[in-house]
Amino acid sequence: MSDHEHHDPGFIRKYVFSVDHKVIGIQYTVTSLLFLLFGFGLMMIMRAQLAYPQGDFSFLERIFGEAGFVGGAMLPEFYNQLGAMHGTIMVFLGVVPLAVGGFGNYVMPLQIGAPDMAFPKLNMASYWVYLPGGLIMLSSFFVEGGAAQYGWTAYPPLANTQPEYLGQTLWLVGMVFLITSSLLGSVNFIVTIVQLRVKGLSFFRLPFFVWAQFITSFLLLLAFPPLEAAGVMQLMDRVAGTSFFMPDGLVIGGRPANVAGGGNPLLWQHLFWFLAHPEVYVLILPALGIVGEVIANNTRKPLWGYRSLVYSVIFLGFMSFIVWAHHMFMTGMGQTLSIFFQTTTMIISIPSVIILTALILSLWGGSIRFNVPMLFALSFLPMFGIGGLTGLPLGLAASDIQLHDTYYVIGHFHFVVAPGTLMALFAGIYYWYPKATGRMMNEMLGKLHWIGTLVFLNGVFIPMFVQGLAGVSRRLYDQTWYEHGKEVQNWTVASSWSAWLLGIAQIPFILNFFLSLRAGKKVGENPWHATTLEWAAPSPPPHGNFTSEPVVYRGPYEYSVPGDSEDYSPQFVQKA
Amino acid sequence: MDFTLLDGLMPKDISTHGYQIDRLLEYLHWFMLLIFIGWAIFLTYTLVKFRARQGHKASYDEIKAKPSKYAEIFVVAFELVLLVGLAVPTFAYVRTDFPGKDKNPVEIRVVAEQFQWNMHYPGEDGVFGKTRPDLVASDNLVGLDLSDPAAGDDFVVPTMHVPVDRPVVLQLSSKDVIHSFFIPVMRVKQDVIPGMSIPMWFEATETGEYQIACAQLCGNNHFRMSAQFYVDTEKDYAAFLAENAPGGDDEEEEEEEEDE
């Protein structure tokens, strides 16, 4: 961050314990990008074991030591730690903080013309609860027994079977921090969007991105408390001898378990998925918002069906609360419940189809610029499409019988979150980087990053559908134990190599991100010739954001308005 | 059935009900493929036709997208038909349509534990002996109460044998954590949850040797929590029962497959 001017508040208040939404947004962005890189690193190690289950990993043993390896072989418990922590880190420390904490914090107040968030100190608190939560998670790798190793879903009784290991306890404590952080953030977002919109900015003039953040905040606010409660209950099961999730008559490792009993393991699943399904939409909605902004800007025409987009997002948010048990079709659920959850699951696909259709139709009749943000946003569309479509066989209980808990599921949700959401988040970084830094990112490096990412992401995840259809269970340390796993082992190898190449494909991005801070082309307020309010502020915006308070005169995407001299009519410019 | 899209990708199906699941998967994947190709064509055409270039201007007006309305109605109608016509009836059949006594089903209790499957057969009398968790020991893996007269002819083995062309009813339970009982070729999967006993049924149509897999993460050795699964002819099945029936002394048929 080279070109910030130095004045009154002093370094600590300005860059560390800052209450400025832009600084907090950048803190969130940088922190979550580092966590994403770390979580990706864990996965690249897992991919070594998956591709070469009997391989000699002495080079990894030298790094990680005896806790994870014996004689060059990776231990299953280490593999399980990598898996559980990869999921946790990517979702709770990477994507959500980047999409909401990063982009939401930085862009949303600017887009509504506000000088800051409604509660700046709460905003600061949110980051400073998030960071310790993340550090607690990381620290769990260094305790005896290592980090949590029961999957990111942490199903009891398994998650309670080794109370002597601190890893899972730290995981739960970390989760409580992260959830608290999200709750603080979401209240702030809602109040800010309701209260701090600038004059003239009615709800139906809000940029689609703001709508997406608005609904996302409600999801976080309403869905996280049950998981926080569940997390505390599991914590009590571990440290205080309660048995919320532990039934009677357990015999673990040949010995009767020392628990009071009377609990129910399925209760955890209900509480967990009551959060974790809306959570999926927390991951997707901000991404859809970003894609909407980038597409409108680079087609130079209004988004198709703005109102139906908004209504769809609201409906999606509502529906996301009543589909959770489709994660539990195989728990022995009765007919009535399964019919209900299959029906809601099919219903929720409708607004998703409408949104995707609207975004695709928005391209028709445009004058499409293929810059780096647009390439990422365009790639999002088919990738998210694959993610959504492959959800169908999982959403119907009958077809789920064969595919549940196989690699098909992993392929499905990764297509939603990785080639889907992550592509959109990259689009957002390239799109708003000039606003945040006053400089453009390099176009050539950006395109290199885009093509590598697109190709190798598909290389990683398409094989998983083949593995899943073949019946390979997820979370297997060595799938060649099974005959049907052996048959598709080649696909696993291809997936692993794609993952490693995907890592290499991120190098241009990392270089670009840092080098452009100094070497990027300097830009003015509105380099993309965009219409929304963040482009009325200087790049980067000063404390308080706008040099004079903007007024909004029109909708968010007035591009190519007939009779105007320019092909964009910003919200903040009064027509003569 | 003329399955083409998923043939070769899925394991073979040796169950009586599996064709219903495979059919649903087949229709779904054709549908997905169709939509995806539709999108891809539209996307490619649009990106070429409306690329920014000299003399080309974006139009402000929204296109009237009748086709998209039709496409959405098609999607909704298709999902509705699959849901009501195939998915719900199939799941109901698999989950609730248990074979009656007249079909003479084979009954087996499956007791899962980290990291093995224990198959508890009721023996000649067809009645399961009582089990108690406090009786579980290394030589009594399911905690069989031998003071119960019904327990005398019960036996427990680490592999599953079932006869071909005869329905099988399983009662699934777990001693410790959640497992998931999955036989890919049989198109069955059921979570096994401690504290619950969950019934499940299937009927095999082909003899052979296959594998039971665990589908739910259950600990370090989850990856090798498999069991051999044999579909026998009636004759072979009878031989299996006779071979394992406890003779003079009751409990010699325990597995040796302890933690290696």
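Quick caveat: nothing in here was measured; it's all calculated off a predicted structure. (Residues numbered from 1 in each chain as written. Chains lettered and ligands numbered in written order. Predicted model: local features only at pLDDT ≥ 70, side-chain atom pairs only at ≥ 80, totals over all residues. Heavy atoms only, no water.)

Looking only at helices and strands, one finds 18 helices and 4 strands in chain A. Relative to a compact globule of 576 residues, whose C-alpha radius of gyration would be 25 Å, chain A shows 24 Å and is just as compact. By the burial criterion, 69% of the 576 residues in chain A qualify as buried. Within chain A, counting contacts between residues at least 6 apart in sequence, those at least 24 apart form 78% of the total. Split by element, the accessible area of chain A, about 19,000 Å² in all, is 68% carbon and sulfur. Looking at charge distribution, chain A has the averaged site of its 26 positive side-chain charges lying 11 Å from that of its 29 negative ones. (Helix = DSSP H or I, 4+ residues; strand = E, 2+ residues; numbered from the N terminus. Rg over C-alpha atoms; globule rule 2.2 N^0.38 Å. Buried < 20%, exposed > 50% of the residue type's maximum accessible area, 1.4 Å probe, protein only. Contact = heavy atoms within 4.5 Å. Areas by Shrake-Rupley, 256 points an atom, 1.4 Å probe, with all protein chains shown as cover. Lys, Arg positive; Asp, Glu negative; His and termini not counted. Charge placed at Lys NZ, Arg CZ, Asp CG, Glu CD.)

The subject of this paragraph is the pattern of salt bridges. One pass over the full model with this rule turns up 13 salt bridges over all chains. Of the charged contacts, one joins aspartate 405 of chain A and arginine 474 of chain A as a salt bridge, the two residues approaching to 3.8 Å between their closest N and O atoms. Of the two residues, aspartate 405 of chain A sits in the loop between α13 (397-403) and α14 (407-437) while arginine 474 of chain A sits in the loop between α15 (443-469) and α16 (483-487), which places them 69 residues apart along the sequence. In this pair, the class of aspartate 405 of chain A matches that of arginine 474 of chain A, namely buried. Here arginine 166 of chain B ties to glutamate 234 of chain B by a salt bridge, and the two come within 3.4 Å at their closest N and O atoms. With a gap of 68 residues between them, arginine 166 of chain B in the loop between β4 (160-163) and β5 (167-174) and glutamate 234 of chain B in helix α3 (residues 234-244) connect regions that are remote in the sequence. (Salt bridge = Lys/Arg side-chain N within 4 Å of Asp/Glu carboxyl O.)

This brings us to the domain arrangement of chain B. Residue and element names in this part refer to chain B. The assigned domain composition of chain B is domain 1 (18-52 + 63-95) and domain 2 (102-259). Taking the mean C-alpha position of each, domain 1 and domain 2 sit 41 Å from one another. Of the residues lining the interface, 6 residues belong to domain 1; the matching set on domain 2 comes to 5 residues. Taking both partners together, domain 1 and domain 2 bury about 480 Å²; carbon and sulfur atoms supply 45% of that area. The interface formed by domain 1 and domain 2 holds 1 salt bridge in total. Salt-bridge contacts for arginine 187 lead to aspartate 22; the nearest nitrogen and oxygen are separated by 2.7 Å. Looking at the side of domain 1 that touches domain 2, the elements with two or more residues in it are α1 (18-49) and α2 (66-96). Considering only residue class, the side of domain 1 that touches domain 2 consists of 3 nonpolar, 1 polar and 2 charged. (Domains from an automatic or database assignment. Buried area = accessible area lost by both parts, 1.4 Å probe. Nonpolar A, V, L, I, M, F, W, Y, C, P; charged D, E, K, R; others polar.)

Here the focus is the side chain of histidine 29 of chain B. Following the sequence through the fold, histidine 29 of chain B ends up in helix α1. When sequence neighbours within four positions are dropped, the list of residues in contact with histidine 29 of chain B reads Pro393, Tyr408 and Leu469 of chain A together with Leu5 and Leu6 of chain B.

It is worth spelling out the side chain of arginine 300 of chain A at this point. Looking at where arginine 300 of chain A falls in the secondary structure, it is placed in the loop between α8 (265-299) and α9 (306-319). Under the relative-accessibility criterion, arginine 300 of chain A is labelled buried at 3%. Polar side-chain contacts of arginine 300 of chain A include one of 2.8 Å to the backbone oxygen of histidine 529 of chain A. In contact with arginine 300 of chain A, other than residues within four places in its own chain, are Ser367, Arg369, Trp528, His529, Tyr559, Ser560, Asp567 and Tyr568 of chain A together with Ala58 of chain B. (Polar contact = N/O pair within 3.5 Å; in protein donor to acceptor, adjacent residues only side chain to side chain.)

This paragraph deals with the pairing of strand β7 (residues 188-192) of chain B. All names here are of chain B. Most of β7 sits out of view: 5 of its 5 residues are buried. Residue alternation in β7 divides its side chains into two sets, Val188, Gln190 and Val192 and Lys189 and Asp191, and both sets are buried. Two elements, strand β6 (residues 179-183) and β7, share 5 bridges in a ladder whose sense is antiparallel. Opposite phenylalanine 182, over in β7, you have lysine 189 as the bridge partner. Turn length for the β6-β7 hairpin, with the two strands adjacent in sequence and antiparallel, is 4 residues, and the turn residue arginine 187 shows positive phi of about 55°. (Pairing = 2+ DSSP bridges.)

Okay, a nonpolar patch on the surface next. Residues and elements named next belong to chain A. Together, Leu501, Ile504, Ile507, Leu511 and Leu515 line one region of the surface with nonpolar side chains, adding up to about 450 Å² of accessible area. Secondary-structure elements contributing two or more residues to the nonpolar patch are α17 (489-505) and α18 (507-519). For the nonpolar patch, the element with the most residues is α18, which contributes 3 residues. Relative to the elements of secondary structure, leucine 501 occurs in helix α17. (Patch = residues over 30% accessible without salt bridge, like charges linked within 9 Å, V, L, I, M, F, W, Y side chains within 5 Å.)

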